[in-house]
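# Results of the structural survey
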Amino acid sequence: MATALPSTPTDTPPTPAPAPRRRRRRRVLLGTGAALVALLGGYTAWTNTHPVRLTASIEIEASSDEVWQVLTDLSAYPRWNPFMTSTKVTSEGGRLEEGATLRNVMHDRTGDTVFTPELLTVEPGRELRWLGKMGPGWIADGEHRFVIEEIEGGRVRLTQSESFTGVAVPFVEGQLRDATLPQFRAMNEALARRVEAVGRE
């Protein structure tokens, strides 16, 4: 009489997760991703509508044209400017005009920084303005302005300012105010001395 052999255990494949559970997990992941994208988008928008502004002004006993001549004599910057120790036009033609590109070397207590802004406004005797970008434009942008205003008594007010926007700016706001703003003031004071010295030549 034949005897049946005992059956041997075999590995059974794992039971797949029920389809509803997989769909639920996918919905959670998609929802989390969408929330992160929305959060990043909202933060980016907020940083671009709430700029960090630095401003420093000085009164100079001179005409607006005299101040403008010193401000735009870029080749002389290394001789007197403690903040922008080197500035030159790098675009074709080498003229200080709207749309031209500069190469600026900025110095503060953290060291030297090289940036290549585009000139937005060149209005003799009144305003010089440029825009510098870090990365694609939403990381950190800086719009730098020099505004010259005539006031009474044969004097002018020079105001140097910059508006910083971008996702990285809130993390360096303290450094901008502690290290960069004092250099605005130092440049203004040095420019005033330079205007007076040029006037005596």
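You'll find the structure just up there.
Being a predicted model, the structure only gives us computed values, none of them experimental.

What counts as what
Residues numbered from 1 in each chain as written. Predicted model: local features only at pLDDT ≥ 70, side-chain atom pairs only at ≥ 80, totals over all residues. Heavy atoms only, no water. Buried < 20%, exposed > 50% of the residue type's maximum accessible area, 1.4 Å probe, protein only. Helix = DSSP H or I, 4+ residues; strand = E, 2+ residues; numbered from the N terminus. Pairing = 2+ DSSP bridges. Contact = heavy atoms within 4.5 Å. Axes fitted to C-alpha atoms, helices over the stretch in contact; angles between N-to-C directions. Parallel < 35°, antiparallel > 145°, perpendicular 65-115°, else oblique. Left-handed = near helix turned anticlockwise from the far one by under 90°.

## A short note on the pairing of strand β8 (residues 155-165)
With eight of its eleven residues buried, β8 lies for the most part within the structure. Relative to β8, strand β1 (residues 52-60) runs antiparallel, the two sharing nine bridges. Paired with Ile58 across the strands is Leu158, a residue of β8. For strand β7 (residues 140-151) and β8, the ladder comprises eleven bridges, and the chain directions are antiparallel.

## Concerning the side chain of Ser64
Structurally, Ser64 is set in helix α2 (residues 64-71). Using a relative accessible area of 9% as the deciding quantity, one classes Ser64 as buried. The residues touching Ser64, leaving out its near neighbours within four places in the chain, are Gly125, Ile148, Glu150 and Val156.

## Topic: the packing of α2 against helix α4 (residues 169-200)
Where α2 meets α4, the closest approach of the two axes is 10 Å, and the angle between their N-to-C directions is 110°. With respect to α4, the axis of α2 lies roughly perpendicular. Crossing of α2 against α4: the hand is right-handed. Across the interface between the two elements, Glu66, Val67, Val70 and Leu71 from α2 touch Met187, Leu191, Arg194, Val195 and Val198 from α4.

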